[in-house]
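Structural overview for review
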Amino acid sequence: MQQPLIFNVQKFSTHDGPGIRTTIFFKGCPIRCQWCHNAESQKFTAERMLDKNGVPQLIGRTYEIDELVKLVAQDQLFYDQSGGGVTFSGGEVMAQPLPYLLALAQGIKRRGIHLAIDTCGVVPQKNLAAILPYADLFLYDLKFIDSQLHQRYTGAGNEKVLDNLKFLSDQGAVIDLRLILLKDLNDTEEMLQRTLAWVQENQIRIARVSLLPYHDFGRDKYRKLGRECTQNFAVPTDERLAAIKAAWEQRGVPVKIGG
Ligand code: SF4
């Protein structure tokens, strides 16, 4: 079975879904968001990155499925007590070898652990359909409602993102819609209204919206990879975040600021 590369298994994570979680970060992503704060997640191949002492370290390794299931199950008590679980993230998890993902998801679900899938949506719909029976929650990114802007800042249009979001909603998936917000680009009133209108027209059922204001904590990673940093955006104002939060809440959708 083809094994994907994983670049981090983060225990005690509190930003990738409810409760205390273990997040598995898969390496490789089909798009290139200019604000990406995990530059080491983008390439599907292993690469060298300088550690904090300036020593090159190889990023990306494989795991046997049993090994990974055992590793995440070590914290089952914390998941149970906090309403947490495991999150598959990346990079883009749904662009990884499907047989491996399904076997891993089965192993985790067999132990009764909550499973969340963090996706950018630019993935084959058949992969989402296949993982659906095992996924308790989707953390679904919507970066731009405008396809041209999506194309300009991520390298891909948003048609698949919207189509897959509708698909998951129609299938009854539990969706936490994650809106990365960039000042004057997608936090404007126009973009907010277009997003709300699209969600309403398409009868998208959203359990929660997470507003994720842009940050540039990942700048140093580009340097450590020997790449030019593409993070050059501005943070939305608190007033703007509050207005966006209020607009979603008015439509009955709970909103959280932050992951
Ligand atoms: S989808 Fe996520 S991992 Fe991929 S480039 Fe965008 S921010 Fe980075």
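In the annotation of an unreviewed UniProt entry, the protein chain is listed under the name Glycyl-radical enzyme activating protein and assigned to Lapidilactobacillus achengensis. Note on the protein chain: under the UniProt heading Sequence similarities (unreviewed entry), the record states "Belongs to the organic radical-activating enzymes family." In the Cofactor (unreviewed entry) part of its UniProt record, the protein chain is described as follows: "[4Fe-4S] cluster".

Take the pattern of salt bridges next. For the structure shown, the criterion picks out 16 salt bridges. Lysine 143 is the salt-bridge partner of aspartate 141, the closest N and O atoms lying 3.0 Å from each other. The pair formed by aspartate 141 and lysine 143 is uniform in burial state, with each residue classed as buried. Linking arginine 240 and glutamate 189 is a salt bridge whose minimum nitrogen-to-oxygen distance equals 2.9 Å. Separated by 51 residues along the polypeptide, arginine 240 in helix H9 (residues 238-250) and glutamate 189 in helix H7 (residues 189-201) bring together distant segments of the chain. Residue classification places arginine 240 among the buried residues on the basis of a relative accessible area of 18%.

What follows concerns the nonpolar core. One finds Phe88, Leu104 and Trp248 to be the most contacted residues of the largest nonpolar core, which totals 82 residues. With 7 residues, the single largest contributor to this core is helix H3 (residues 98-110). Beyond its immediate sequence surroundings of up to four residues, leucine 104 is in contact with Ile24, Phe26, Ile65, Leu68, Val69 and Phe88.

Quick look at the packing of aromatic side chains now. Geometrically, a pair of aromatic rings is defined through the distance of the ring centres and the angle of the planes. Evaluation of the coordinates by the stated rule reveals 8 aromatic pairs. Judged by centre distance (5.6 Å) and plane angle (70 degrees), the rings of phenylalanine 26 and phenylalanine 88 are edge-to-face. On the criterion of sequence distance, the pair formed by phenylalanine 26 in strand S2 (residues 21-26) and phenylalanine 88 in strand S5 (residues 85-89) is long-range, its members being 62 residues apart. For the pair shown, phenylalanine 26 and phenylalanine 88 are each scored as buried. Seen from their ring centres, tyrosine 153 and phenylalanine 233 are 5.7 Å apart, and the 65 degrees between their planes marks the pair as edge-to-face. With tyrosine 153 in helix H5 (residues 147-154) and phenylalanine 233 in the loop between helix H8 (219-224) and H9, this pair connects stretches of sequence that are 80 residues apart. An aromatic cluster of at least three residues, connected via ring pairs, comprises Trp35, Phe144, Tyr153, Tyr214 and Phe233. Just above the ring of tyrosine 63 sits the side chain of arginine 61; from NZ or CZ to the centre is 3.6 Å.

Our next topic: the environment of glutamate 64. Secondary-structure assignment places glutamate 64 in the loop between strand S4 (56-59) and helix H1 (65-73). Setting aside chain neighbours within four positions, we find glutamate 64 in contact with Gln3 and Tyr100.

Turning to the site of the ligand, a few remarks are in order. The environment of the ligand is made up of Cys29, Ile31, Arg32, Cys33, Cys36, Ser41, Gln42, Gly91, Cys120 and Lys143. Of the residues assigned to the shell around the ligand, the class counts are 5 nonpolar, 3 polar and 2 charged.

What follows is about the sheet that holds strand S8 (residues 175-181). Taken in spatial order, the 8 strands of this open sheet run S1-S2-S5-S6-S7-S8-S9-S10, and their pairing is mixed. Each edge of the sheet is formed by a strand with only one pairing partner; in this case those strands are strand S1 (6-13) and strand S10 (255-257). Going from strand to strand, the sheet's axes swing by 20 degrees on average, the running direction of each strand aside. Set on the sheet, H1 makes contact with S1, S2 and S5; between it and S1 the angle comes to about 20 degrees. Here H3 sits on the sheet in contact with S1, S2, S5 and strand S6 (114-119), set at roughly 170 degrees to S5.

Definitions and cut-offs
- Residues numbered from 1 in each chain as written.
- Predicted model: local features only at pLDDT ≥ 70, side-chain atom pairs only at ≥ 80, totals over all residues.
- Heavy atoms only, no water.
- UniProt positions renumbered as here; feature names shortened; annotations may be inferred.
- Salt bridge = Lys/Arg side-chain N within 4 Å of Asp/Glu carboxyl O.
- Buried < 20%, exposed > 50% of the residue type's maximum accessible area, 1.4 Å probe, protein only.
- Helix = DSSP H or I, 4+ residues; strand = E, 2+ residues; numbered from the N terminus.
- Core = buried A, V, L, I, M, F, W, Y, C linked by side-chain atoms within 4.5 Å.
- Contact = heavy atoms within 4.5 Å.
- Phe/Tyr/Trp six-rings, centres within 6.5 Å; stacked < 30°, edge-to-face > 60°.
- Lys NZ or Arg CZ within 6 Å of the ring centre and 35° of its normal.
- Near = heavy atom within 4 Å.
- Nonpolar A, V, L, I, M, F, W, Y, C, P; charged D, E, K, R; others polar.
- Pairing = 2+ DSSP bridges.
- Axes fitted to C-alpha atoms, helices over the stretch in contact; angles between N-to-C directions.

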